[in-house]
Amino acid sequence: MMWRKVGPFRTADALGDALDRIRTMRERDLQACAVSTERIHNASLVEWFELRSGLYAAEALAMSALKRRESRGAHQRDDFPETRGEYKLNQRIWLADGNLASSFVDMPS
């Protein structure tokens, strides 16, 4: 899904579909994963944390690509083929109450 919908050639529809699926996986499917109750050497718990981290990373990537409505560098938006000056900004992503948020901030001079 990440390659097909969030890969180098993207559209808003594909990014939105990917973002919805990733959020569903993180909010619903991840909670249904079986995790051992072992207290020592609990590999399933480690894998659960790795999966959660990977889903947050995938969500951050899809969300930031959807919010940047331009093509820049190797990442092309088929629906926004131009590089636009108003996006010459850094996009900041952070975790707020369990959900990812983002904003654009000026690049340092």
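Residues numbered from 1 in each chain as written. Predicted model: local features only at pLDDT ≥ 70, side-chain atom pairs only at ≥ 80, totals over all residues. Heavy atoms only, no water.

Participant: Go over the overall build of the protein chain with me, naming the residues and quoting the values.
Facilitator: Tallying secondary structure elements over the protein chain gives three helices and four strands in all. The C-alpha radius of gyration of the protein chain comes to 17 Å, more than 25% above the 13 Å expected for a compact globule of 109 residues. Considered along the principal axes of its C-alpha atoms, the protein chain spans approximately 55 × 30 × 20 Å. By sequence separation, contacts in the protein chain at least 24 residues apart represent 44% of the contacts at least 6 residues apart. Between the averaged position of the 17 positive side-chain charges in the protein chain and that of its 16 negative side-chain charges there is a distance of 2 Å. (Helix = DSSP H or I, 4+ residues; strand = E, 2+ residues; numbered from the N terminus. Rg over C-alpha atoms; globule rule 2.2 N^0.38 Å. Contact = heavy atoms within 4.5 Å. Lys, Arg positive; Asp, Glu negative; His and termini not counted. Charge placed at Lys NZ, Arg CZ, Asp CG, Glu CD.)

Participant: I'd like to hear about unusual backbone geometry, residue by residue, with values.
Facilitator: Unusually for a residue other than glycine, His 41 sits at a positive phi of about 50°. Note that His 41 resides in the loop between helix H2 (12-29) and helix H3 (43-67). Although it is not a glycine, Asp 97 sits at a positive phi angle of roughly 55°. Accessibility expressed as a relative area gives 82% for Asp 97, which makes it exposed. (Buried < 20%, exposed > 50% of the residue type's maximum accessible area, 1.4 Å probe, protein only.)

Participant: Before we move on, can you summarise the side chain of Asn 42 with the specific residues and values?
Facilitator: On the secondary structure map, Asn 42 appears in the loop between H2 and H3. Here Asn 42 falls in the buried class, since its relative accessible area comes to 11%. A polar atom in the side chain of Asn 42 sits 2.9 Å from the side chain of Ser 44. Each residue touching Asn 42, except ones within four places of it in the same chain, is listed here: Ser 36 and Thr 37. (Polar contact = N/O pair within 3.5 Å; in protein donor to acceptor, adjacent residues only side chain to side chain.)

Participant: Mind laying out the environment of Pro 108, listing which residues take part and the relevant values?
Facilitator: Inspection of the secondary structure assignment puts Pro 108 in the segment after strand E4 (99-106). For the pair Pro 108 and Leu 89, spaced 19 residues apart in sequence, the C-alpha to C-alpha distance is 9.2 Å.

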